[in-house]
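Architecture at a glance
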Amino acid sequence: MELTIQKTQNPKQKPQDETKLGFGQIFTDHMFVMDYDEGQGWHDARIVPYGPLDLTPACMCLHYSQEVFEGLKAYRGVDGKIKLFRPDENFKRMNNSCDRISMPKYDEEFALYALKELLKIDQDWVPHTEGASLYIRPFIIGTEDALGAHTSTSYKFIIIMSPSGAYYPGGLNPVKIYVETNYVRAVIGGTGAAKTGGNYAASMKAQDEAAAQGYNQVLWLDGVERKYIEEVGAMNVFFVIGDEIVTPKLRGSILPGITRKSTIELLRSKGYNVSERLLSVDEVLEANKNGSLKEMFGTGTAAVISPVGELKIGDTICTINNNEIGPISQMLYDTLTGIQWGKIEGPEGWSVNIDD
Ligand code: PLP
Ligand code: COI
C-alpha cells in the first residue's frame, strides 16, 4: 500500500526542559492515519499533521468501545540512532486484540514501516535526555456512523507519539500498591488479555479509590476466587520468593506483556529460576511473614521495571525489601534500558533502528 505524506506548515515548539515531560501530555507534529471500510479493506494510509479527528456523534467506538491500542517507545540510542524495542511484538499483540473484539486485522509489516516513516519525520521529537523517550500510541477505533450494537463496518488506525518521562512521578523509587478485593478487572473468557479501552474503564474506580489512600495502582486478583494474583493497572508483576522468581501465568485474563516476556527471557538466560504459575495472595503474605519475599516489581513499557515497596492487603501492610529497589529489579532495569538505549547488545531483533 502507498503511504502519502503531508507535512505540517506550523511545527510546534519542542519541550525546553526534558526533565519535566511527565507522561503522555505533549504530542509531536505528525500522526499516521489509515482507514478501513467493509468490502474495501485498509486504504488511504497517510502521515498528516497531528490534529483533531472528524467523527460524528454516532461514531460506534464512542458507544460500544470497539477500540484497541498499543504502547511502545522510541529511544535515542547512544550511537545517535533512533531505536524501537521489539516493535513486531506490539503490532502482533494489537492484531490479537483486534481479533478478540471482532475488528479487522491489518498488515503488521506495513504498520511497522509506517511507524518508522512517521518517526523519521518527527525524529527531532525523540528526547535527548537520559531516561526520557518518545512514547508511541497506535490505536484502532470503530467509526461506523450507526447506533446498532454490532461490529463496526469502518475503522481508523492511528498512531500518535508523545515525548515522555517516567510513568510514576517517583521515577525508580518503589511504588505503593493496593491489593483490590472489592472490584475485579477481568475473568477468563473475557477481554483481559486484549489491550482494549474497556478494560481500563473498568479499572478506573478502583484506581481512584486506591489513589485516595495514597497508593499508585491496584493489584488485581482473579475474578472468580479472588485469590490469585493477576496484574497491576499498567504492569505485569514478579515476586522474588526464596530462590524462585514467580510471575502469574497467562490464563487469558491478564495482558501478555512484552516487558514481562522479555524479563522472563533475560532472567532465564542468566540462569535464574523463573516460574509462571498460580500465586495466591496468601502465599505472598506468608512469604512476607517468614522473610522469604525478597523483592516485588512490575514490568511494562511505560513503567519499565518498577520496584514495589509497599503492598496493602486488607488491613495488612507489607513492606518489601525495606522499601528500596532490590538487586534483581536493579539488574533488570539496567539490562533492559541498556538494550533499549543501545548500550548493551540484546538478543537478536530486540533493538530495531528506524532506518534499518
Ligand atoms: N498490563 C497492563 C494492564 C498494561 O496496560 C500494560 C502496559 O502496556 C502491561 C501489563 C505491560 O505490558 P507491556 O510490557 O507490553 O508494556
Ligand atoms: C504501556 O505501558 O504502554 C501502557 O499501555 C500503560 C498505559 C495504560 C498508560
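Fair warning: this is a prediction, and the values are worked out from it, not measured in the lab.

1. Here's the deal with helix α3 (residues 108–121)
Taking 1.5 Å per residue as the helical rise, α3 with its 14 residues ought to reach 20 Å, and the 20 Å between its terminal C-alpha atoms agrees with that figure. Those residues of α3 that fall on the buried side of the exposure criterion are F110, A111, L112, A114, L115, K116, E117, L118 and L119.

2. Section: the site of ligand 1
Among the 17 residues in the neighbourhood of ligand 1, the closest are listed as K195, Y200, E231, T259 and T301. Between ligand 1 and the protein, one listed contact pairs a nitrogen atom with a side-chain N or O atom of E231 at 2.6 Å. Going through the elements one at a time, β11 (229–232), α6 (258–269) and β15 (293–300) are the ones with two or more residues in the shell around ligand 1. Here the residues of the shell around ligand 1 sort into six nonpolar, seven polar and four charged.

3. As for the site of ligand 2
As a structural note, the neighbourhood of ligand 2 is formed by F23, F69, G71, Y135, R137, Y167, K195, Y200, A234, T301 and A302. A302 has a polar backbone atom sitting 2.9 Å from an oxygen atom of ligand 2. Taken together, the residues of the shell around ligand 2 sort by class into seven nonpolar, two polar and two charged. Among the domains, domain 1 (3–166) and domain 2 (175–340) are the pair contributing at least three residues each to the shell around ligand 2.

Rules behind the numbers
Residues numbered from 1 in each chain as written. Chains lettered and ligands numbered in written order. Predicted model: local features only at pLDDT ≥ 70, side-chain atom pairs only at ≥ 80, totals over all residues. Heavy atoms only, no water. Helix = DSSP H or I, 4+ residues; strand = E, 2+ residues; numbered from the N terminus. Expected span 1.5 Å × (residues − 1). Buried < 20%, exposed > 50% of the residue type's maximum accessible area, 1.4 Å probe, protein only. Near = heavy atom within 4 Å. Polar contact = N/O pair within 3.5 Å; in protein donor to acceptor, adjacent residues only side chain to side chain. Nonpolar A, V, L, I, M, F, W, Y, C, P; charged D, E, K, R; others polar. Domains from an automatic or database assignment.

Limitation: the analysis is restricted to geometry and does not speak to function.
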